[in-house]
Amino acid sequence: QGSGSAFTGSVFPAAGRENLSFYGFNSSGTRWRIDTNPSCVGTVLTSVNGEPSIVILDSDARTDGKGPVSVTVATAFAVDDGETLWGPTEVPGPSTGGLIFANTPKGLTAEKAPGTVLDADTGAVVDLNARPGTALYEHHGTVLLGDGPALTAIDAGSGRLLWSSSDLRRPPAADPEAHVVFRGSYGPSSGGVVVLEWTAGGDSSVPVVYDLQTGKELAQASGTPAGIARVDGATGTVLFTARQASGDHVLQAVRPGTGLLWSKAAKDAEVFAAGHGAVYARLDGTSARMDLESGAVLESGQFVLPEAVLADGSALFPTRESSTGYVLAKPEP
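All of the points below concern the structure found in this document. (Residues numbered from 1 in each chain as written. Predicted model: local features only at pLDDT ≥ 70, side-chain atom pairs only at ≥ 80, totals over all residues. Heavy atoms only, no water.)

### As for the pattern of salt bridges
Right, on to step 1. Enumeration according to the criterion identifies 6 salt bridges in this entry.
Right, on to step 2. Of the charged contacts in the structure, one is a salt bridge between R169 and E217, with a shortest N-O distance of 3.2 Å. Of this pair, R169 sits in the loop between β14 (161-164) and β15 (179-181) while E217 sits in strand β18 (residues 217-220), placing them 48 residues apart in sequence.
Right, on to step 3. The partly exposed category is assigned to E217, whose relative accessible area is 31%.
Right, on to step 4. With a closest N to O distance of 2.8 Å, R255 and E293 form a salt bridge. Placement of R255 in strand β22 (residues 249-255) and of E293 in the loop between β26 (286-291) and β27 (297-301) is noted, with a sequence separation of 38 residues between them. (Salt bridge = Lys/Arg side-chain N within 4 Å of Asp/Glu carboxyl O. Helix = DSSP H or I, 4+ residues; strand = E, 2+ residues; numbered from the N terminus. Buried < 20%, exposed > 50% of the residue type's maximum accessible area, 1.4 Å probe, protein only.)

### Description of the nonpolar core
Right, on to step 1. One finds L144, F182, V194, L196 and W198 to be the most contacted residues of the largest nonpolar core, which totals 18 residues.
Right, on to step 2. Residue assignment for this core shows that the elements contributing at least two residues are β11 (134-139), β13 (150-155), β16 (193-199) and β17 (205-211).
Right, on to step 3. Contacts of F182, omitting those with residues within four sequence positions, involve L136, Y137, L144, L151, V194, V195 and L196.
Right, on to step 4. The next biggest cluster of nonpolar side chains, apart from the first, holds 14 residues, and it includes L251, A266, V271 and L292. (Core = buried A, V, L, I, M, F, W, Y, C linked by side-chain atoms within 4.5 Å. Contact = heavy atoms within 4.5 Å.)

### Remarks on the pairing of strand β4 (residues 29-36)
Right, on to step 1. Where strand β3 (residues 20-26) lies against β4, 7 bridges are found, and the strand directions are antiparallel. Looking across to β4, one finds that F22 is bridged to I34.
Right, on to step 2. Connecting the antiparallel pair β3 and β4 is a turn made up of 2 residues. (Pairing = 2+ DSSP bridges.)

### Re the environment of P225
Right, on to step 1. The topology assignment puts P225 in strand β19 (residues 224-225).
Right, on to step 2. Relative accessible area serves as the criterion here: at 24%, P225 is assigned to the partly exposed category.
Right, on to step 3. Counting along the chain gives 19 residues from P225 to Q244, while the straight-line C-alpha distance between them is 9.2 Å.
Right, on to step 4. With residues up to four places along the chain from it excluded, the contact list for P225 reads S185, Y186, T241, A242 and R243.

### Digging into the environment of E270
Right, on to step 1. On the secondary structure map, E270 appears in strand β24 (residues 269-275).
Right, on to step 2. Looking at E270, the relative accessible area reads 43%, which means it is partly exposed.
Right, on to step 3. Aside from chain neighbours lying at most four places away, what touches E270 is A281 and R282.

### Comments concerning the side chain of T199
Right, on to step 1. Considering the arrangement of structural elements, one finds T199 in strand β16.
Right, on to step 2. Overall, T199 belongs to the buried group, its relative accessible area being 5%.
Right, on to step 3. A polar side-chain atom of T199 sits 3.0 Å from the main-chain amide nitrogen of G201.
Right, on to step 4. Setting aside chain neighbours within four positions, we find T199 in contact with A178, H179, V181, R183, S204 and S205. (Polar contact = N/O pair within 3.5 Å; in protein donor to acceptor, adjacent residues only side chain to side chain.)

### Comments concerning the pairing of strand β7 (residues 72-78)
Right, on to step 1. Among the 7 residues that make up β7, 6 are buried, leaving the element largely enclosed by the rest of the structure.
Right, on to step 2. Sheet analysis places strand β6 (residues 51-59) next to β7, joined by 7 bridges and oriented antiparallel. Considered in β7, the bridge of I54 is made with F77.
Right, on to step 3. As paired elements, β7 and strand β8 (residues 84-91) share 5 bridges and run antiparallel to each other. Of the residues in β8, the one forming a bridge with F77 is T84.
Right, on to step 4. In this structure, the hairpin formed by β7 and β8 is closed by a connection of 5 residues, where G82 is found at a positive phi of approximately 80 degrees.

### What to know about the sheet that holds β18
Right, on to step 1. The sheet built from 4 strands is open, its strands ordered β15-β16-β17-β18 with antiparallel pairing. Across the chains shown, the open sheet's two edge strands, defined by having one partner strand only, are β15 and β18. Neighbouring strand axes in the sheet, compared pairwise and without regard to direction, differ in orientation by 35 degrees on average.
Right, on to step 2. Alignment of β16 against β17, held across 7 bridges, turns out to be antiparallel. Bridge pairing in β17 links V193 to D211. (Axes fitted to C-alpha atoms, helices over the stretch in contact; angles between N-to-C directions.)

### Points about the sheet that holds β14
Right, on to step 1. Ordered in space as β11-β12-β13-β14, the 4 strands form an open sheet in which the pairing is antiparallel. The two strands at the open ends of the sheet, each matched to only one other strand, are β11 and β14. Averaged over all neighbouring strand pairs, the angle between strand axes comes to 25 degrees, with direction disregarded.
Right, on to step 2. Pairing of β11 with strand β12 (residues 142-147), which is carried by 5 bridges, proceeds in the antiparallel orientation. Each residue of the ladder has a partner; that of E138, found in β12, is V143.

Now the structure itself:
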């Protein structure tokens, strides 16, 4: 993944190495390395007081895998230089969506276990006792809570109510009896927006994209989610890919505080990465570099697409070589 001025990645134990290691690196080389217990794999990209950060989990389990995990902790590090920003804070288990952590020993299930929420700026456990509902999603200090059809968004640091589902306007295409539901169907990469579905039960629903911080309606999502969303970190723009009833795809670019930037139809579409003013996608079997602001195709052909791009244009490309998993490239001056 890419965040701030560095990519982050992990290296599993091998060749006598007992630790699981997380790295921050860019075109100048490795910036930092954090070693953790290999039994506890988990990271969350976030923002600590506006600074791009990564929260890394660790545990006290035996490195030989023969002992139980009794304590799991989360610690925040600056992506740029690896400086510790807060923590370690004890949590019950892995992330279930942003800085929400729950004990899920048998893996994730359809019913999310009640989770512990951490304040992105301080790492302190957020007291949710005064708020009804279960923590469903968190992004950079904003938490979405749900209790049946009632949804609310709060600021994790102050506990202040930001908006509730009762404030939202039912879209004209929705059933008059429809209420909102959060399904998390675009995965954990939907950034500062949230997709809520207006449904009265059954198979029909109307998905709408809202600003997670304000509850402002940004766009109506077009179809059934097809793959997770991708986010341009510099602008907060979120790229959604949806499948139509016909089987065709629609790619939409939505920005918090602004709304829908553009949409593009294709027989088949998949977004790989976004950054440095561009979107990298596969459209109808062809690689494409698209303008982030307009959706215009700037370049197309049969070329390798990056998996992550930094704001300076540095990009991480996968290779087919077993000895070299990725190649990092930067724009020419």
